[in-house]
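Chain by chain, the residues run as shown.
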Amino acid sequence: MKRLLVGLAAALLLTPLLAAAGTPMPQLKIENPGSCIAPVPEMRRNHMEMLKHTRDRTMRQGIRGEKASLNECINCHASKTTGSVLGPGGFCQECHTYAAVKLDCWDCHQPKAGNPQAVGVKP
Amino acid sequence: MSEDRIENKSRRSFVGAAAVAGAGVGVAALAPGLKLIEVAGAAPRAPGEPASSAVRWGMLIDTTKCASGCDACVKACATENGINETVKDARQGSQWIRKIDLKDPKTGQEHSLPMLCQHCEHPPCVDVCPTGASMKRADGIVLVDRHICIGCRYCMMACPYKARSLVHMPLTEQNPLVPRGQGCVEACTFCVHRVDRGQEPACVEACPEKAMLFGNLNDPASEIAQRVAKEKTTQVRADLKLNLGVRYQGI
Ligand code: SF4
Ligand code: SF4
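Here goes a summary of the coordinates provided. Given the structure is predicted, the values throughout are model-derived calculations rather than measurements.

Assigned secondary structure in chain A consists of five helices and zero strands. Reading chain A from its N terminus to its C terminus gives the helix and strand order α-α-α-α-α. Across the 123 residues of chain A, 28% fall into the buried class. Accessible surface, chain A as shown: approximately 8300 Å² in total, 65% of it carbon and sulfur.

Before going further, it helps to spend a moment on the pattern of salt bridges. Counted under the stated rule, the structure contains 21 salt bridges over all chains. Linking Lys103(B) and Glu110(B) is a salt bridge whose minimum nitrogen-to-oxygen distance equals 4.0 Å. What emerges from the salt-bridge pattern is a single network uniting Arg64(A), Arg45(B), Arg137(B), Asp139(B) and Asp196(B).

As a matter of local geometry, ligand 2 sits amid 14 residues, with Cys129(B), Cys149(B), Cys152(B), Arg153(B) and Cys155(B) nearest to it. Partitioning the shell around ligand 2 into residue classes produces 10 nonpolar, three polar and one charged.

Of the residues lining the interface, 30 residues belong to chain B; the matching set on chain A comes to 18 residues. Overall, the association of chain B and chain A removes approximately 2100 Å² of surface from exposure, summing both partners, and the carbon and sulfur fraction of that is 47%. Where chain B packs against chain A, one counts three salt bridges. Its salt-bridge partner being Arg60(A), residue Asp145(B) comes within 2.8 Å of it at the nearest N-O pair. Run the count over chain B and chain A and you get 11 residue pairs in polar contact (both at pLDDT 80 or more). Breaking the side of chain B that touches chain A down by element, the ones donating at least two residues are helix H1 (2–29), strand E5 (142–144) and helix H6 (192–195) of chain B. The element best represented in the side of chain B that touches chain A is H1(B), accounting for four residues. Looking at the side of chain B that touches chain A, its residues break down into 14 nonpolar, seven polar and nine charged.

Time to look at the environment of Arg237(B). Residue and element names in this part refer to chain B. Mapped onto the elements of the fold, Arg-237 is located in the loop between helix H8 (223–230) and strand E9 (246–249). Relative accessible area serves as the criterion here: at 45%, Arg-237 is assigned to the partly exposed category. Considering only alpha carbons, one finds Arg-237 and Ala-187, 50 residues apart in sequence, at a separation of 19 Å.

Now for the side chain of Ser112(B). Residue and element names in this part refer to chain B. Positionally, Ser-112 belongs in strand E3 (residues 110–116). Among the polar contacts listed, one links the side chain of Ser-112 to the side chain of Lys-99, at a separation of 3.1 Å. Within the structure, Ser-112 has its side chain in polar contact with the side chain of Asp-101 (distance 3.1 Å). Not counting the four nearest positions on each side in its chain, Ser-112 is found in contact with Thr-63, Cys-66, Ala-67, Ser-68, Lys-99, Ile-100 and Asp-101.

All right, on to the sheet that holds E9(B) then. All names here are of chain B. With mixed pairing, three strands are arranged side by side in an open sheet as E8-E1-E9. Both outer strands of the open sheet, strand E8 (212–216) and E9, are each paired with one neighbouring strand and no more. Each strand of the sheet is rotated relative to its neighbour by a mean of 20°, with strand direction disregarded. Relative to E9, strand E1 (residues 57–62) runs parallel, the two being bridged by four bridges. The residue bridging Met-59 from the neighbouring strand is Val-246, located in E9. The sheet contacts of H8 involve E1, E8 and E9, and relative to E8 the element is tilted by about 110°.

All right, on to the side chain of Arg56(B) then. Residues and elements named next belong to chain B. Its place among the elements puts Arg-56 in the loop between helix H2 (36–42) and E1. Buried charge without a salt bridge: Arg-56, with Glu-121 as the nearest opposite-charge side chain at an N-O distance of 4.4 Å. Of the polar contacts made by the side chain of Arg-56, one reaches the backbone oxygen of His-119; its length is 2.6 Å. When near neighbours in sequence (up to four residues on either side) are disregarded, Arg-56 contacts His-119, Cys-120, Glu-121, Asp-139, Gly-140, Gly-215, Asn-216, Leu-217, Asn-218, Asn-243, Leu-244 and Gly-245.

Right, let's talk about the environment of Cys105(A) for a bit. Residue and element names in this part refer to chain A. Here Cys-105 lies in helix H5 (residues 105–108). Overall, the relative accessible area of 30% leaves Cys-105 in the partly exposed class. Taking the C-alpha atoms as reference points, Cys-105 and Leu-70, 35 residues apart in sequence, are found 8.8 Å from one another.

What counts as what
- Residues numbered from 1 in each chain as written.
- Chains lettered and ligands numbered in written order.
- Predicted model: local features only at pLDDT ≥ 70, side-chain atom pairs only at ≥ 80, totals over all residues.
- Heavy atoms only, no water.
- Helix = DSSP H or I, 4+ residues; strand = E, 2+ residues; numbered from the N terminus.
- Buried < 20%, exposed > 50% of the residue type's maximum accessible area, 1.4 Å probe, protein only.
- Areas by Shrake-Rupley, 256 points an atom, 1.4 Å probe, with all protein chains shown as cover.
- Salt bridge = Lys/Arg side-chain N within 4 Å of Asp/Glu carboxyl O.
- Near = heavy atom within 4 Å.
- Nonpolar A, V, L, I, M, F, W, Y, C, P; charged D, E, K, R; others polar.
- Contact = heavy atoms within 4.5 Å.
- Buried area = accessible area lost by both parts, 1.4 Å probe.
- Polar contact = N/O pair within 3.5 Å; in protein donor to acceptor, adjacent residues only side chain to side chain.
- Pairing = 2+ DSSP bridges.
- Axes fitted to C-alpha atoms, helices over the stretch in contact; angles between N-to-C directions.
- Lys, Arg positive; Asp, Glu negative; His and termini not counted.

Spelled out as structure tokens, the structure:
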């Protein structure tokens, strides 16, 4: 137990140090705070799984109106200035660059909100 | 393998759900004289409801009405599906629907007609696709799952109607409802995003001569089923026995 605590404390102490020394932490601007489809930790960990299963059901079985949808991600999270989830500071790109995870959804999907008026203002 | 398991599981839960819904409809909701199959074809599907094989989407094109030189359907398709890239070589551009002019060399008789993916019941593109990207939805619409397509173009070689194209360059400014991208094969989707909302394909809506008719071939009450039953229609290359979703009249 003691070893675990020491380990935890070390981890807690070390994380900010490492972050400060290496790549800067992502600077995210949440355009529409507090109303995502799931709590933030779950979204951080599982958004790709949610989207993957939605994508297969929508594409192959024709099920529409699923809970997770890229279009809805954009409508809430696209930057109010650029209208996009990409670019420096973009909601998707900022974390993906930090974590060095390739982001290819937007090679085919439209990264900008379809309706410019809808950018980041969904209730 | 894990994909298979997901599909099987959801198929089972769908069958369960359908049985329950069917029982409910049979007892209470169905109006007198209204057949279940009509309900299936008419309204947009409710959110969460999968496409059903009670529906077979089809198109009837009356070539006697189709004017030579008119390409309203081609333009409407490009606008609707965001096909707007400029290509150096026109042969490399995407073509979901095109106008073709036919002439019988013996009689001199001429036809002009739109040609698009025929949404075959037994699609050769699906048979040859090595990845499972080419697929047919339960309601007969043949699609390419671009998440899986590797751009090998087997399907383009197998399709007897030259209905498919490969996207050669990176794309931007796609229609949010119609994702498209480099390295994937694509073809007419019957405007599946519109059909699922209860609308008809963009080309059908745009035709100034009303030469195109879209509907549910499985519903005996639909206009398309009645016309196909009454009038003589042609499947292009009917000898291939693919049972096409698109039929022509007047050729
Ligand atoms: S017309 Fe070609 S692309 Fe369309 S379903 Fe038939 S074989 Fe496939
Ligand atoms: S190009 Fe794509 S859809 Fe066509 S056969 Fe190859 S993997 Fe399948």
